[in-house]
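Survey of secondary and tertiary structure
For reference, the chains in residue letters:
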Amino acid sequence: MKRCGWVTDDALYQAYHDQEWGVPERDGRKLFECLCLEGFQSGLNWLTILKKREGFRAAFQGFDPYVLQNWGETEIAELVQDARVVRHRGKIAATIGNARAWIAIEEKEGFSDYIWSYVNNTPQMNPIESLSDVPAKTPVAEQLSKDLKKRGFKFVGPTTVYAFMQAVGMVNDHVMDCVCRDGPKG
């Protein structure tokens, strides 16, 4: 089975690629989780985050923004000691602040509607022939990154935002001959 070149032989990674990556996600809370996890991934590889994802979900109360908005220094100090997550104080604090920013968007216009408006609510199909054709960022990712920052989000640079856009199916960057190009497998 032909997969995108970034997928290793790790079964967890293959399952993620085959069933999740690039599948359009419209649930605002799931989008929040993914954006937070992409922020934690910055400087690391995605497999590290994927292996800790259940630990992240437990430690961050299911990435419930309405719970996280009330957290402060006590919870940050606890999480910096929690081996279930990436113990980066700035990224942990950013997740809490991002919950507050998410709530503001969710209550005003809906987070999913806001995010998906950047691609006119339609997944963008990119003609990716090989891994070297995949951009690290795009003008749309740069615009979305800038606006997220303006709205109070942290750890949402354009490269992180583009990885998020790929993960949640806003763009389809599966290589043309990937078994998942036309949808998830398994």
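Being a predicted model, the structure only gives us computed values, none of them experimental. (Residues numbered from 1 in each chain as written. Predicted model: local features only at pLDDT ≥ 70, side-chain atom pairs only at ≥ 80, totals over all residues. Heavy atoms only, no water.)

**Focus on the overall build of the protein**
- Along its length, the protein carries 9 helices and 2 strands.
- Starting at the N terminus and ending at the C terminus, the protein contains elements arranged as α-α-α-α-α-α-α-β-α-α-β.
- Relative to the globule expectation of 16 Å for 186 residues, the C-alpha radius of gyration of the protein, 16 Å, shows essentially globular dimensions.
- Viewed in the frame of its principal axes, the protein has a C-alpha envelope of about 50 × 35 × 25 Å.
- Buried residues in the protein amount to 47% of all 186 residues.
- Long-range pairs, those at least 24 residues apart, make up 70% of the contacts in the protein between residues at least 6 apart in sequence.
- Distance between charge centres in the protein, computed from 23 positive and 25 negative side chains, equals 4 Å. (Helix = DSSP H or I, 4+ residues; strand = E, 2+ residues; numbered from the N terminus. Rg over C-alpha atoms; globule rule 2.2 N^0.38 Å. Buried < 20%, exposed > 50% of the residue type's maximum accessible area, 1.4 Å probe, protein only. Contact = heavy atoms within 4.5 Å. Lys, Arg positive; Asp, Glu negative; His and termini not counted. Charge placed at Lys NZ, Arg CZ, Asp CG, Glu CD.)

**Comments concerning the pattern of salt bridges**
- The final tally for this structure, using the stated rule, is 12 salt bridges.
- Two residues, Arg 57 and Glu 54, come together in a salt bridge whose shortest N-O distance is 2.5 Å. Here Arg 57 pairs with Glu 54, and both are found in helix α3 (residues 46-59), just 3 residues apart, close to one helical turn.
- The class of Glu 54 is exposed, set by a relative accessible area of 53%.
- We note a salt bridge from Asp 147 to Arg 151, for which the minimum N-O separation is 2.8 Å.
- Given a relative accessible area of 11%, Asp 147 falls into the buried group.
- Salt bridges sharing common partners tie together Glu 109, Asp 147, Lys 150 and Arg 151. (Salt bridge = Lys/Arg side-chain N within 4 Å of Asp/Glu carboxyl O.)

**Observations regarding the packing of helix α5 (residues 73-80) against helix α6 (residues 89-108)**
- One way to put it is that α5 packs onto α6 with a least axis distance of 10 Å and a crossing angle of 135 degrees. Here α5 lies oblique to α6, going by the angle between them. Regarding α5 and α6, the two cross each other, and that crossing is right-handed. Across the interface between the two elements, Glu 73, Ile 76, Ala 77, Leu 79 and Val 80 from α5 touch Arg 89, Ile 92, Ala 93 and Ile 96 from α6. (Axes fitted to C-alpha atoms, helices over the stretch in contact; angles between N-to-C directions. Parallel < 35°, antiparallel > 145°, perpendicular 65-115°, else oblique. Left-handed = near helix turned anticlockwise from the far one by under 90°.)

**Quick look at the packing of helix α8 (residues 139-150) against helix α9 (residues 158-167)**
- At a minimum axis distance of 8 Å, the contact between α8 and α9 shows a crossing angle of 110 degrees. Relative to α9, the element α8 lies roughly perpendicular. Handedness of the crossing formed by α8 with α9: right-handed. On α9, the residues touching Val 140, Ala 141, Glu 142, Leu 144, Ser 145 and Leu 148 of α8 are Pro 158, Val 161, Tyr 162 and Met 165.

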